[in-house]
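Reading the structure
As a plain string of letters, each chain reads:
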Amino acid sequence: MSQAELSQAGAAPRSPRPLWSLGLLRSEITMTFRRWRTLALLAVLAGVPVLVGVAVRIETGRGRSGGGEGGPAFISQVTNNGVFLVFTSLAVTLPFFLPMAIGVIAGDSIAGEAHGGTLRYLLVAPAGRTRLLLVKYATTLTFCLVGTLTVALSALATGALLFPLGEVTLLSGTSIPLAEGLLRALAIAGAVALSLVGVAAIGLFLSTLTTSGIAAMATTVGLLITVQILDTLPQLEAVQPYLFPHYWLSFADLLRDPVYWDQLAKNFGLQAVYAAVFGTAAWARFTTRDITA
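About the thresholds
- Residue numbers here run from 1 along each chain, matching the order of that chain's written sequence.
- Owing to the predicted nature of the model, reporting of local features is limited to residues with pLDDT of at least 70; listing and counting of side-chain atom pairs is limited to 80 or more, with chain, interface and lining totals taken over all residues.
- Where side-chain values are given, they derive from all heavy atoms of the structure, hydrogens and water being excluded.
- We count a stretch as a helix when DSSP gives it H or I for four or more residues in a row; a strand needs E for two or more, and each element gets its number in order from the N terminus.
- Burial here depends on accessible area, computed with a 1.4 Å probe over protein chains only, as a share of the maximum for the residue type. Under 20% is buried, over 50% is exposed, and the range in between is partly exposed.
- Note on areas: Shrake-Rupley, 1.4 Å probe, and residue coverage restricted to the protein chains presented here.
- The contact rule is simple, with two residues in contact once any of their heavy atoms fall within 4.5 Å.
- Salt bridge, as used here, is a side-chain nitrogen of Lys or Arg placed within 4 Å of a carboxyl oxygen of Asp or Glu.
- Known as pLDDT, the predictor's confidence for each residue is given on a scale from 0 to 100.
- Note on ring pairs: Phe, Tyr and Trp rings are taken, using the six-membered ring of Trp, and paired if centres are within 6.5 Å. Classes follow the plane angle, with under 30 degrees stacked, over 60 edge-to-face and the rest tilted.
- Working convention: axes come from line fits to C-alpha atoms, limited for helices to the stretch in contact. Angles between N-to-C directions cover 0 to 180 degrees.
- Less than a right angle of anticlockwise turn of the near helix away from the far helix marks a crossing as left-handed, whereas a clockwise turn marks it as right-handed.
- Under the grouping applied here, Gly and all other residues not named as nonpolar or charged are polar, the nonpolar ones being Ala, Val, Leu, Ile, Met, Phe, Trp, Tyr, Cys and Pro and the charged ones Asp, Glu, Lys and Arg.
- Small angles under 35 degrees read as roughly parallel and large ones over 145 as roughly antiparallel, with 65 to 115 read as roughly perpendicular and the rest as oblique.

1. Digging into the overall build of the protein
When helices and strands are tallied, the protein shows 11 helices and two strands. Listing every helix and strand of the protein by position from the N terminus yields α-α-α-α-α-α-α-β-β-α-α-α-α. When the 293 residues of the protein are sorted by exposure, 43% land in the buried category. Entry remark: accessible area of the protein is about 14,400 Å², with carbon and sulfur atoms responsible for 66%.

2. A word on the side chain of Thr32
With respect to the secondary-structure elements, Thr32 resides in helix H2 (residues 22-34). Judged by its relative accessible area of 3%, Thr32 falls in the buried class. Excluding residues within four positions of it along the chain, Thr32 makes contact with Thr38, Ile105 and Thr139.

3. Quick look at unusual backbone geometry
The step from Asp257 to Pro258 runs through a cis peptide bond, and the omega angle for that step is 5°. Looking at the element boundaries, Pro258 is found in the loop between helix H10 (213-230) and helix H11 (262-288).

4. Focus on the pattern of salt bridges
One pass over the structure, following the stated rule, counts five salt bridges. A salt bridge links Arg37 to Asp108; the nearest nitrogen and oxygen atoms lie 2.5 Å apart. You can see Arg37 sitting in helix H3 (residues 36-61) and its partner Asp108 sitting in helix H5 (residues 97-116), a full 71 residues away along the chain. Measuring nitrogen to oxygen at the nearest pair gives 3.1 Å for the salt bridge that ties Asp253 to Arg256. On the basis of relative accessibility, which here comes to 10%, the residue Asp253 falls in the buried class.

5. Here's the deal with the confidence of the model for the protein
Per-residue pLDDT for the protein has a mean of 84; in total, 83% of the residues score no lower than 70. In the predicted structure, residues 1-15 sits below a pLDDT of 50 and forms one contact with residues beyond four places in sequence or in another chain. Low pLDDT, under 50, characterises residues 67-71; the stretch is placed with three contacts to residues that sit more than four places away or in other chains.

6. Quick word on the packing of aromatic side chains
Enumeration over the complete set of coordinates arrives at seven aromatic pairs. Taken together, Phe205, Phe244, Trp248, Tyr274 and Phe278 form an aromatic cluster joined through their ring pairs.

7. Topic: the packing of helix H7 (residues 129-162) against helix H8 (residues 178-195)
Orientation of H7 relative to H8, taken along the N-to-C sense of each, is 145°, at an axis distance of 8 Å. In this structure, H7 crosses over H8, and the sense of that crossing is right-handed. Every residue of H8 that contacts H7 at Cys144, Leu145, Thr148, Leu149, Ala152 and Leu156 is listed here: Leu182, Leu186, Ala189, Val192 and Ala193. Tallied by class, residues from the contact of H7 with H8 come to 10 nonpolar, one polar and no charged.

8. Here we look at the environment of Ala252
By secondary structure assignment, the location of Ala252 is in the loop between H10 and H11. Sequence separation of Ala252 and Ala91 is 161 residues, and the distance between their C-alpha atoms is 8.9 Å. Every residue in contact with Ala252, bar those within four places of it in the chain, is listed here: Phe74 and Leu171.

9. Observations regarding the packing of helix H9 (residues 197-207) against H11
With their axes 8 Å apart at the nearest point, H9 and H11 run at an angle of 15° to one another. As summarised for this structure, H9 and H11 are arranged roughly parallel, according to the angle between their axes. In this structure, the crossing between H9 and H11 has a hand that is left-handed. Across from Val197, Gly198, Val199, Ala201, Ile202, Leu204 and Phe205 in H9, the residues of H11 making contact are Gln271, Tyr274, Ala275, Phe278, Gly279, Ala281 and Ala282. By residue class, the composition of the contact of H9 with H11 is 11 nonpolar, three polar and no charged.

Structure (structure tokens):
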């Protein structure tokens, strides 16, 4: 090949880098789930159903029903069917434990890299800001699913050990076989994971605003607590349907026959709006940010 041909080949435009990379995503997910902090969060999530199950078992041994008025949803059914421990544990962990864990992972996603001095090197490598942000968000969503399944599987194992298993009586009074009940439990776990999409986007956005992972995590958790309080005030009834946790417990409608889709659809639509708004804000901030660390 002549020198001119070599020069022309060297000057040929490179194809644009794709916005998605399975290799980068696989590396990010592996690194995230190898951290002791992530494993500790999953251990805490797995421990909640065990504590609930043991508490109900102790109360049952004292001659009590194991649940009562004002207790967590479905808890009065746990002693009759261990599958209900799955629903109870998800209802217990969804208001705080699961969102808090998501806030820790999402809040640390960008800010933690900046604080550790690795963000600049990630961008020097062929990652790109948009692709890196997408991978970070996808990793957080993966943790949403893994965290929710951790709660569900721990609850199912605990319920099977401490209580009998059998037909599942739905909220509408219909009884379904155990196998269908387990499928409903899996669907509920998926609905709970989708309910956390908005929190993940908010945490990612806050993570782009600072170089301190602790500050981003604390702000995300603080915002979560504040919004949950606002969602309980009667004076704010007009705005509460627009708050991201308002429809979280709509997963209970999957335990009806037929399923009530109205509240579920509102929940998923609201989470999509939050993901779009705060995901766009995170992208706008991150792609224009001056990376110095």
